[in-house]
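Observations on the three-dimensional arrangement
In case you want the letters, here they are:
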Amino acid sequence: MSTLAVQDHSVSHDHDQEHHHHETFLTKYVFSQDHKMIGKQFLITGITMAVIAMLLSILFRIQLAYPDKSFPLLSTLLGRFAPNGRLDPEFYLSLVTIHGTIMVFFVLTAGLSGTFSNLLIPLQVGARDMASPFVNMLSYWFFFIASIIMLSSFFIQKGPAGPGWTIYPPLSALPKAMKGSELGMTLWLASMVLFVASSLMGGINYVSTVLNMRTKGMDLWKMPLTVWAFFLTAILGILSFPVLVAGVVLLIFDRSFGTSFYLSDIVLNGKLLPYSGGSPILFQHLFWFLGHPEVYIVIMPAMGISSEVISVNSRKPIFGYHAMVYSLIGISTLSFIVWGHHMFVTGMNPFLGGVFMITTLIIAVPSAVKTFNWLATIWRGNIKFTPAMLFAIGLVSFFISGGVTGIFLGNAALDIPLHDTYFVVAHFHLVMGSAAIFGMLAGVYHWFPKLFAGRLMDEKLGYLHFWATFVCAYLVFFPMHFMGLDGVPRRYYAMTEFPAFNHWLSVNTFITWAAIVAALAQVAFLYNFFHSIFFGKKATQNPWNANTLEWTAPIEHIHGNWPGEIPTVYRWAYDYSKPGAEEDFIPQTVPLSQTMSSNQEHDFEDNPAGLEQFNEWVKVNRPNEEVK
Amino acid sequence: MQTDSEYQTDIKMGFKNLINSKKISALFAAFLLMGTGTLFAQAPAANAPAADSGSEWLGVGYYVLLFLLVCVIVAVIGKILKIYELTLKIQGKKGINWNNFIGIICLVFLIAGLYGAYWSFTVQGQEILPEPASAHGVKIDQMFWTTTAITTFVFIITQILLFGFLFKYRGSEKRKAYYYPHNNTIEKIWTIVPAIVLTVLVVFGFFIWRQITNTTEVKGDINIELTAHQFAWEIRYPGADGKLGESDYQRFYTTTNNLAVSPEDKGSYDDLKADTLVLPVGKSIRLNIHAQDVIHSVFMPHFRLQMNAVPGLPTFFKFTPTITTADMRNRLDDPSFNYLLYCNKICGGGHYNMQKVVLVVTPAEYRLWLSHQKPYASDLVKKEWKIAEAGKKAGTGDNKIALNN
């Protein structure tokens, strides 16, 4: 394993220093090639996009809570999209679409992986920067342009794309089918192609950095779980995103060049259109071949971050490190053969549905293992409740709550009545929406000193932010399960046309207010975040007493991360509260020879020479113990 | 000494800030009152057509002020906490033990959350769909309740462990965590147990799924065609022959013959058109599902039935309704109850209102109802079919030549 690690960790440092001096504003803050700065760019863009997508969700929640009420202010703000103070039904669908697209792709894929893979991979594996800093910079700017294009669709005549974030054709392929399928859809497709390009450039960098640029001693089995998670996430992205591009390109052909990849026997406005022989289901196969790995692309980095944060703050090694890695690998592999569970009721061959059901429920096993291992990690810990720890715990709680409902939806028979109802909305908002965003917030609170040279975020505001958001998220999504069990379909502009749904109106109002409170709670975060960048409490070099490499780097950011030589790694990242050690943590850079009193036989698994030495030391120092 | 004086100045500053904050809060309270006043004053005037252009901001402005007030209160509480902790420090006491505090909140959350979940299950759980009105629906519901029992158990146990551990093992300087990196036996157990439970669920689910979907058409099935387009459903029943005439959009679609029924199929001529989906109870129904423009979805939750309507790809769903509408009205004690068919795949602006009433009746009532339905092949359609037929006969020769090219 260690043969893969790059040994030249004394890269010409003088050159870096020299380079440092010539930085201009443009090269330092805008077209930066430093992984830490690029991580910050991703984070701040991601937060901006998250706030926008959150506001969109509040808009459509208001519509759901007060379907009969007119809000003149909406007309003032949104103009033709909200005539007479009420959202236009097609604009409602656009809001839903763009909320989903931004949250899934721009926040939880680029915002999450982009920030933390960039920040942490080089710092935690011990590299001076990414394998290709220039491509890394391009990755951010492609993402930025994709964001701008996506948002620009709010400023065109017909409004943004509206066929749902899954953009199923023919709805998305026929510009005449709805306003949201016209120019807005074209912009959506263009934005996504750039987004995928960005994601691929990022992913290739993450994978090559992890494989080739680890410091001396950092073999794969010594990497922290965060790096494992980012690494596997990047592989998923590289393998699945191109398939989305294929699907999107064919859709562009259908929309603009008259091909019939997805279209057949279409009658629109009383006219038979000249399409034949295509299959709308083909698009769904292509889309979900990305779409399903995508939800793991969203959740796995959050899981990695939480594993690390929970271990540090429980002052305990992560329970079952190997099992955690293997379950991540298992989830990654299985995620490629479960996509059909989104298509049980599309008319896909029912036998295929049965197969996808089996693979889908198998994926629950590694997920369960992860949950139990987190529980075992906090068991008999010495838990420090930092805001990061609370958010990591929040992830575990949401992952359980949203995960168990996956067992219903993955079951093809149960999916028949539940498909596309609010039950699904509740499920994925808990298991990948709330859980992933909580993982991301845990990361922001935990690594804030690494993001913004040595500052800490305010803990008390962090507590307020956590509890308000956590409670409100449950208040928003828990009742939705029951709406789904009553057969309330998702993506309905109003329930008023169905007297049978009237009894959910009060619940909808309640959910909307809970969502508004949750949104306001984010003000506590935004204030804390931006205030702390400039005025936050100064942190020490290793404020959480953590073991991983990034805390050995100096507080002040320097290009190249470490002055002088990159530290060598001698042990795994989870030696917390090891018996016999003076402190309750032993950084990865401390050699075993310096910690004789806390060493255990297990530490010398691949190291017979070390084991012999250890046994001799035991003979001398602990004569009462029997040497095995 | 030096540190003490520093603390004192800090405290002074803190109090100063506090006083300032109070001033601010008083200011906001005043604003708030004014806001309410204007809001009330504005309320009767809202009906007047000539309300001034900025008036729609007032309601929002009120809430913004309210929020700012909350912010101020939060800031004041924060300051008080800070000062309190500083005072404790000066007196040489330990500050607030936040680990204890959060640990207790975790416990409170656990208890409140469990109660909330219980409340949701019992109150909102009453408002879910009534018993299934189809034969296969009963099996789905059995599967559903088994899964619910297992998952609810797991949900409650794991949440109790999670928040219980957080409370029990909240940090303390006196304790050291227990170094426990792995235990292969335990890990094997909690890999294998979920695997077994899931295998059981998968096997049962798989068989139910196969039973529901692996259907062949048998004699006596009532074929009904459902065709979706933006934003309505078309319903076609077979005539006396019990067979739906074939359809082909590429060849036969016209605005009159809008379901593209083939005149070449003898079975087409006695087909019937209907406005309501009427089903005889206890009979095997085969819904033949089409879409004309975009994907729609036939969703009849009371029958635990859903199947997408895909343009160019006919789908079907076979089921047997078991409870008549009248019977269900009695059971629910709701005389206005109706089974409904909704669209459940996003299909455009009217997606939220694309419904059809579904009536389940006795076979006798069904036969009577059917005898009152109009034929699909109206005079207009027949006329068109004749013209097409004539045109085709005349053009046969040309077609052949064209094909040879």
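Anyway, here's the lowdown on the structure attached to this text. As the structure is a computational prediction, the values presented were derived from the model and not from experiment. (Residues numbered from 1 in each chain as written. Chains lettered and ligands numbered in written order. Predicted model: local features only at pLDDT ≥ 70, side-chain atom pairs only at ≥ 80, totals over all residues.)

For the rest of this paragraph, the subject is the overall build of chain A. Summing up its helical and strand segments, chain A has 18 helices and four strands in all. For 628 residues, the compact-globule formula gives about 25 Å, and the C-alpha radius of gyration of chain A, at 26 Å, lands near that figure. In terms of principal-axis extent, the alpha carbons of chain A reach across some 90 × 55 × 50 Å. The buried share of chain A, reckoned over its 628 residues, is 60%. Pairs at least 24 apart in sequence give 79% of the contacts found in chain A among residues at least 6 apart. (Helix = DSSP H or I, 4+ residues; strand = E, 2+ residues; numbered from the N terminus. Rg over C-alpha atoms; globule rule 2.2 N^0.38 Å. Buried ≥ 20, exposed ≤ 12 C-beta atoms within 10 Å, placed from the backbone. Contact = placed C-beta atoms within 7 Å.)

It is worth spelling out the interface of chain B and chain A at this point. On the chain A side, the residues contacting the 93 residues of chain B number 101 residues. Counting residues per element, the ones that place at least two in the side of chain B that touches chain A are helix H2 (56–90), helix H3 (98–123), helix H4 (135–168), helix H5 (184–213), helix H6 (249–252), strand E6 (296–300), strand E7 (305–309) and strand E9 (339–343) of chain B. Ranked by the residues each element gives to the side of chain B that touches chain A, the list is headed by H5(B), at 15 residues.

So, on to the pairing of E6(B). Residue and element names in this part refer to chain B. The buried count for E6 comes to five of five residues, which makes it a mostly enclosed element. Alternating positions in E6 separate into two faces, His296, Val298 and Met300 on one and Ser297 and Phe299 on the other, with burial throughout. When E6 meets E7, the two strands line up antiparallel, connected through five bridges. Bridging across to E7, histidine 296 finds its partner in alanine 309. Where E6 lies against E9, two bridges are found, and the strand directions are antiparallel. (Pairing = 2+ DSSP bridges.)

Our next topic: the sheet that holds strand E10 (residues 356–361) of chain B. Residue and element names in this part refer to chain B. Spatial strand order, E4-E10-E9-E6-E7: five strands in an open sheet with mixed pairing. Pairing within the sheet leaves two strands with one partner each, and these edge strands are strand E4 (277–280) and E7. The sheet shows a mean angle of 20 degrees between the axes of neighbouring strands, direction not considered. Where E9 meets E10, three bridges bridge the pair, whose relative direction is antiparallel. By the bridge assignment, leucine 340 is partnered in E10 with valine 357. (Axes fitted to C-alpha atoms, helices over the stretch in contact; angles between N-to-C directions.)

This part is about the packing of helix H9 (residues 280–314) of chain A against helix H10 (residues 321–334) of chain A. All names here are of chain A. As a packed pair, H9 and H10 sit with axes 11 Å apart at the nearest point and diverge in direction by 175 degrees. In terms of axis orientation, H9 runs roughly antiparallel to H10. Within the contact between the two elements, H9 uses Tyr296, Met300 and Ser307 and H10 uses Met324, Leu328, Ile331 and Ser332. The class makeup of the residues in the contact of H9 with H10 is five nonpolar, two polar and no charged. (Parallel < 35°, antiparallel > 145°, perpendicular 65-115°, else oblique. Nonpolar A, V, L, I, M, F, W, Y, C, P; charged D, E, K, R; others polar.)

Take the sheet that holds strand E1 (residues 222–229) of chain B next. Residue and element names in this part refer to chain B. The strand order across the open sheet formed by six strands is E8-E5-E1-E2-E3-E11, and the pairing between neighbours is mixed. What marks the edges here is a single partner per strand, and that holds for strand E8 (315–319) and strand E11 (374–375). Sheet topology places E1 next to strand E2 (residues 232–237); five bridges connect them, and they run antiparallel. Residue pairing across strands places threonine 227 opposite glutamate 234, the latter belonging to E2.

Counting residues in each nonpolar core, the largest one holds 276 residues, and the members touching the most others are Phe391(A), Leu395(A), Ala435(A), Ala436(A), Ala442(A) and Val298(B). Leaving out residues up to four positions away in the same chain, Val298(B) has contacts with Leu226(B), Leu287(B), Ile289(B), Gln306(B), Met307(B), Ala309(B), Phe317(B) and Leu341(B). (Core = buried A, V, L, I, M, F, W, Y, C linked by C-beta atoms within 7 Å.)

To continue, consider helix H11 (residues 350–362) of chain A. Between its terminal C-alpha atoms H11(A) stretches 19 Å, which fits the 18 Å expected from 13 residues at 1.5 Å a residue. Every buried residue of H11(A) is accounted for by Gly353(A), Gly354(A), Phe356(A), Met357(A), Thr360(A) and Leu361(A). (Expected span 1.5 Å × (residues − 1).)

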